[in-house]
Amino acid sequence: QVQLVESGGGLVQTGGSLRLSCVVSGSIFSVNDMGWYRQAPGNQREMVALITSGGSTNYADSVKGRFTISKDNAKNTVFLQMNSLKPEDTAVYYCNALLGKYARSWWGQGTQVTVSS
């Protein structure tokens, strides 16, 4: 069984920083792309940042220049460094990983990020 466990969320003031982590564990044969998504109340889940198996990255326009995605392949862990946080960044942040030969999609349980004004 595969598990994705996020950590690092919390309450921060506008302009502050947080670092999210997501550890992938279980029967992992290969890790393809990984990413972070977020969902605010009343909104659809949206992509925040993606990182491919080769290390290429892609960001939502709203977070470019403020957020950085990275990974530690040896530890099957993906990170999201979030700087210059804004109230509109408030959401539940979910980790996603595409695993195995068929790139099956797995999700974490989510971690709450709240940015106060």
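Values in this document were obtained by computation on a predicted structure and should not be read as measured data.

Draft legend 1. View of the packing of aromatic side chains. Summed over all chains, the structure comprises 1 aromatic pair. Ring centres 5.0 Å apart and planes at 65° place the aromatic pair Tyr-37 and Trp-107 in the edge-to-face group. A residue pair is termed long-range when its members are at least 10 positions apart, and Tyr-37 in strand E4 (residues 31-39) and Trp-107 in strand E10 (residues 104-107) qualify at 70 residues. Taking NZ or CZ as reference, Arg-45 lies 4.6 Å from the ring centre of Trp-107, over its face.

Draft legend 2. Structural view of the nonpolar core. Formed by 30 residues in total, the largest nonpolar core has its most connected members in Trp-36, Leu-80, Met-82 and Tyr-93. The set of elements that each furnish at least two residues to this core consists of strand E3 (18-25), E4, strand E5 (46-51), strand E7 (67-72), strand E8 (77-82), strand E9 (91-99) and strand E11 (111-116). Considering every element that reaches this core, the biggest residue donor is E9, with 5 residues. Sequence-distant contacts of Met-82, that is, excluding residues within four places in its chain, are made with Gly-16, Ser-17, Leu-18, Leu-20, Arg-66, Phe-67, Tyr-93 and Val-113.

Draft legend 3. Quick look at the environment of Gln-109. Of note, Gln-109 is situated in the loop between E10 and E11. Sequence-wise, Gln-109 and Ser-21 are 88 residues apart; in three dimensions their C-alpha atoms are separated by 12 Å. Filtering out sequence-adjacent residues up to four positions away, Gln-109 remains in contact with Leu-4, Val-5, Glu-6 and Tyr-94.

Draft legend 4. Representation of the sheet that holds strand E1 (residues 3-7). If you trace the 4 strands from one edge of the open sheet to the other, you get E1-E3-E8-E7, paired in antiparallel fashion. Each edge of the open sheet carries a strand with a single partner, namely E1 and E7. For this sheet, the mean inter-axis angle between neighbouring strands, taken without regard to orientation, is 15°. Across 6 bridges, the pairing between E3 and E8 is antiparallel. Its bridge partner lying in E8, Ser-21 is registered against Phe-79.

Definitions and limits used
- Residues numbered from 1 in each chain as written.
- Predicted model: local features only at pLDDT ≥ 70, side-chain atom pairs only at ≥ 80, totals over all residues.
- Heavy atoms only, no water.
- Phe/Tyr/Trp six-rings, centres within 6.5 Å; stacked < 30°, edge-to-face > 60°.
- Helix = DSSP H or I, 4+ residues; strand = E, 2+ residues; numbered from the N terminus.
- Lys NZ or Arg CZ within 6 Å of the ring centre and 35° of its normal.
- Core = buried A, V, L, I, M, F, W, Y, C linked by side-chain atoms within 4.5 Å.
- Buried < 20%, exposed > 50% of the residue type's maximum accessible area, 1.4 Å probe, protein only.
- Contact = heavy atoms within 4.5 Å.
- Pairing = 2+ DSSP bridges.
- Axes fitted to C-alpha atoms, helices over the stretch in contact; angles between N-to-C directions.

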